[in-house]
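Analysis of the macromolecular model
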Amino acid sequence: MDNTDDISMKTKTGSIGVFDSGYGGLTVLKEIINELPDYDYTYLGDNARAPYGNRSFETVYHYTLQCVQWFFLQGCPLVILACNTASAKALRTIQQNDLPKIAPDKRVLGVIRPTTEIIGRFTRTRSIGILATSGTVQSESYVIEIEKFFPDIKVTQEACPLWVPLVENNEYESHGADFFVKKYIHNLLHKADDIDTILLACTHYPLLLKKITEYTPVDIKILTQGEIVAHSLKDYLYRHPEMESSISKKGTKEFYTTDSVEDFDSHAAIFFGMPVVSTHIDLG
Ligand code: DGL
């Protein structure tokens, strides 16, 4: 390789990849763009295979790795798994086993670590409730990670398997949604009556925030992850200038889905808060 090649390799830049099983990651992307508007972003929703929440470890890992590899082919130096289920079931294996082999210079980050490292700031009673998909709850990722940063905090979890389908089917504001919103919150608070902070540990749940707030006692704080992840990414890029300089900065946003673009565009606009035009991709 001559010097010219060397220089062009070093100056090659790409967008930040943001991944979710479907639409939920758009609630995170929205906050990331608010915080860091100058970078380029590529969003992929694996809608054809969503939801991931009830799938096995092997399946979520296999699907997530396939999507991460797609981002790398697009030239993304950094991929954010804006999906708790994928972060819980696939991230560690991808970071530890796959990245060193397939793309040692690239990075994949999740949403669990940024949340768990600061969650202790919000609770006075040292009792936190986690509402998440069955997959995230079963992985025990939140329990394990919070224990590392805040061993004094008690973590109580409740799986909400019907919330993602309610959101994905546009029923999050319907009367039918009330029953299941109330039920899971009630179950959680019944397990631990000293909870003063509830984390919505699924990126779909911010769409249910209005109803969740309605059925949660006013003295309990409800946390969503978008802003937390956005601040953490800003900090990460500040601490990793070599990664920061490898990200392109034209302020562009591209959206891809593994399912129908018509469905994606109409749903995505609700999650993202502005019109979305997507492109279909086939992952085989
Ligand atoms: N939005 C994803 C999460 O944060 C879950 C959606 C799904 O079950 O696919 O966990």
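Going by the structure above, here's the rest.
Residues numbered from 1 in each chain as written. Predicted model: local features only at pLDDT ≥ 70, side-chain atom pairs only at ≥ 80, totals over all residues. Heavy atoms only, no water.

**Observations concerning the site of the ligand**
Near the ligand you find 13 residues, and of these Ser21, Tyr52, Gly53, Thr85 and His204 are the closest. One of the side-chain nitrogen or oxygen atoms of Ser21 is found 2.6 Å away from an oxygen atom of the ligand. One of the backbone nitrogen or oxygen atoms of Gly53 is found 2.8 Å away from an oxygen atom of the ligand. Isolated, the ligand exposes 300 Å² of accessible area, and the fraction of that covered by the protein chains is 99%. Within the shell around the ligand, the residues separate by chemical class into 5 nonpolar, 7 polar and 1 charged. (Near = heavy atom within 4 Å. Polar contact = N/O pair within 3.5 Å; in protein donor to acceptor, adjacent residues only side chain to side chain. Areas by Shrake-Rupley, 256 points an atom, 1.4 Å probe, with all protein chains shown as cover. Nonpolar A, V, L, I, M, F, W, Y, C, P; charged D, E, K, R; others polar.)

**Notes on the pairing of strand S9 (residues 253–257)**
Side chains on a regular strand alternate between the two faces of the sheet. Of the strand pairs in this sheet, strand S2 (residues 41–45) and S9 are connected by 5 bridges, and their pairing is parallel. Along S9, the bridge assignment pairs Gly45 with Thr257. Assessed by its sense of winding, the connection that carries the chain from S9 through helix H14 (residues 261–272) to strand S10 (residues 278–280) is right-handed. (Pairing = 2+ DSSP bridges. Helix = DSSP H or I, 4+ residues; strand = E, 2+ residues; numbered from the N terminus. Right-handed = clockwise from strand over helix to strand, strands pointing away.)

**Topic: the pairing of strand S5 (residues 127–132)**
Burial runs high along S5: 6 of the 6 residues are buried. Of the two faces of S5, both are covered, the one formed by Ser127, Gly129 and Leu131 as well as the one formed by Ile128, Ile130 and Ala132. Taken together, the 6 bridges between S5 and strand S6 (residues 154–159) define a ladder with parallel strand orientation. Counterpart to Gly129 in the pairing with S6 is Thr156. Pairing analysis gives 4 bridges linking S5 to strand S7 (residues 197–200), with the strands arranged parallel. Within the sheet, the bridge partner assigned to Ile128 lies in S7 and is Thr197. (Buried < 20%, exposed > 50% of the residue type's maximum accessible area, 1.4 Å probe, protein only.)

Keep in mind that these numbers describe shape and distance, not what the molecule does.
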